[in-house]
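The lines below spell out each chain.
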Amino acid sequence: MHQCSGLLIFADVPDPETGELVLRLREAHFCRVRHCPVCQWRRSLMWYARFQKALPEILGRYPNARWAFLTLTVRNCDIKELRATISSMNDAWKRLTHRAEFRNVLGWIRTTEVTKGRDESAHPHFHCMFMLSPSYFKGSNYVTQARWAELWKECLRADYTPIVDIRVVRSKKVSREALKASRTSLEASNTSSIEEYLAAVADAAREVLKYAVKPSDMLGGGNDNEWFLELTRQVHRLRFIASGGALKDALREDEETEEDLILADDPAETPDYGTRVAFAWRRKEKRYRKAGKWES
Ligand SMILES: [Zn+2]
């Protein structure tokens, strides 16, 4: 992690929409350690870009779907019990997906986040994004926050009620009527409202796909890095992102390559005229500084 991405080489390319010159990363060496802050940032951009790319087709196939966030938590555990705790949460999740209340969840994406408790404990939780069938909102099909909490308690086989949060994604400006009116075709005249809705869903996805561990939680107070070191031992080879149902194929689950991380925020692969700008990390200054510009 110490040596991760010491040198970043960007291409100076025109933005396809505005023509303005923007920097696009072309070369870097990432350490690919699971919780490296830089690698996490690139990885979350990559997942987000993959989701964004898949989204128009998903909305085309499920124009009536609604979207919601679900956060599922458990009580904090000792950092030494983190692996066992996450594994029991994964089992509980499997049980949850088999419950009757889950039948109107058409597809889901689930990420695992671990934050640090004030007493050096660990707080693992799931961030989920649901694509819901419209019948979820009809009469007795509707699952309240209290019911989700009860279901999660049962699936966890816990003797306490865990904190659970659910919220439905709303687009700020677009009414459901506008969406319905334009749902017959994504190319219909009403594309701007579809685009806004896409943006609202994509924004929600960005929240779900963000960091697995907050960079601030990686650093111990004083000389204490033990929490973070134990965290990396505990989560070794555990999967932190999963998807299912109609969203199963939205996120390719194969291991990312260095190239994936480099092109994470440039999935369209903007044309390249060969100009290169390099930035080198200055350890003492704790920042990147321009280290050269050339034509390749
Ligand atoms: Zn790294």
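Residues numbered from 1 in each chain as written. Predicted model: local features only at pLDDT ≥ 70, side-chain atom pairs only at ≥ 80, totals over all residues. Heavy atoms only, no water.

Undergrad: Could you give an account of the pattern of salt bridges, with specific residues and numbers?
TA: In total, this model carries 14 salt bridges according to the counting rule given. Its salt-bridge partner being Arg-233, residue Glu-226 comes within 2.6 Å of it at the nearest N-O pair. Residue class for Glu-226 comes out partly exposed when judged on its relative accessible area of 41%. A relative accessible area of 48% means that Arg-233 is categorised as partly exposed. One salt bridge connects Glu-285 with Arg-289, and the closest N-O pair in it is separated by 2.4 Å. What makes Glu-285 partly exposed here is its relative accessible area of 39%. Connected via shared salt-bridge partners are Lys-80, Glu-226, Glu-230 and Arg-233. (Salt bridge = Lys/Arg side-chain N within 4 Å of Asp/Glu carboxyl O. Buried < 20%, exposed > 50% of the residue type's maximum accessible area, 1.4 Å probe, protein only.)

Undergrad: I'd like to hear about unusual backbone geometry, residue by residue, with values.
TA: Non-glycine residue Ser-5 carries a positive phi angle of around 45 degrees. Assignment of secondary structure puts Ser-5 in the segment before strand E1 (7–14). Its relative accessible area of 0% is what places Ser-5 among the buried residues. Positive phi values are uncommon outside glycine, yet Arg-237 reaches one of about 65 degrees. Taking relative accessible area as the criterion, Arg-237 reaches 72% and is therefore assigned exposed. (Helix = DSSP H or I, 4+ residues; strand = E, 2+ residues; numbered from the N terminus.)

Undergrad: Hey, could you go over the environment of Arg-75 for me, with residue numbers and the actual values?
TA: By the element assignment, Arg-75 lies in the loop between strand E3 (66–73) and helix H2 (82–97). Sequence-wise, Arg-75 and Ala-158 are 83 residues apart; in three dimensions their C-alpha atoms are separated by 9.7 Å.

Undergrad: How would you sum up helix H1 (residues 37–61)? Please name residues and give values.
TA: End to end, H1 covers 36 Å across 25 residues, agreeing with the expected 36 Å (1.5 Å per residue, within 8%). Roughly 40 degrees is the biggest bend found in H1, and it falls at Leu-55, with proline Pro-56 one to four residues downstream. (Expected span 1.5 Å × (residues − 1). Bend = angle between axes of the 7 residues up to and from the residue.)

Undergrad: With reference to specific residues and values, describe the coordination of the zinc ion.
TA: Within the protein, the atoms that donate to the zinc ion are Cys-4 (SG), Cys-31 (SG), Cys-36 (SG) and Cys-39 (SG), at distances of 2.3 Å. Mapping the donors of the zinc ion onto the primary sequence gives the spacing C-x26-C-x4-C-x2-C. Remark: Cys-31 occurs in the loop between strand E2 (21–27) and H1 and Cys-4 occurs in the segment before E1; sequence separation between them is 27 residues. Residue class for Cys-4 comes out buried when judged on its relative accessible area of 9%. The class of Cys-31 is partly exposed, set by a relative accessible area of 27%. (Donors = N, O, S within 2.8 Å, 3.2 Å for Na, K, Ca; no water.)

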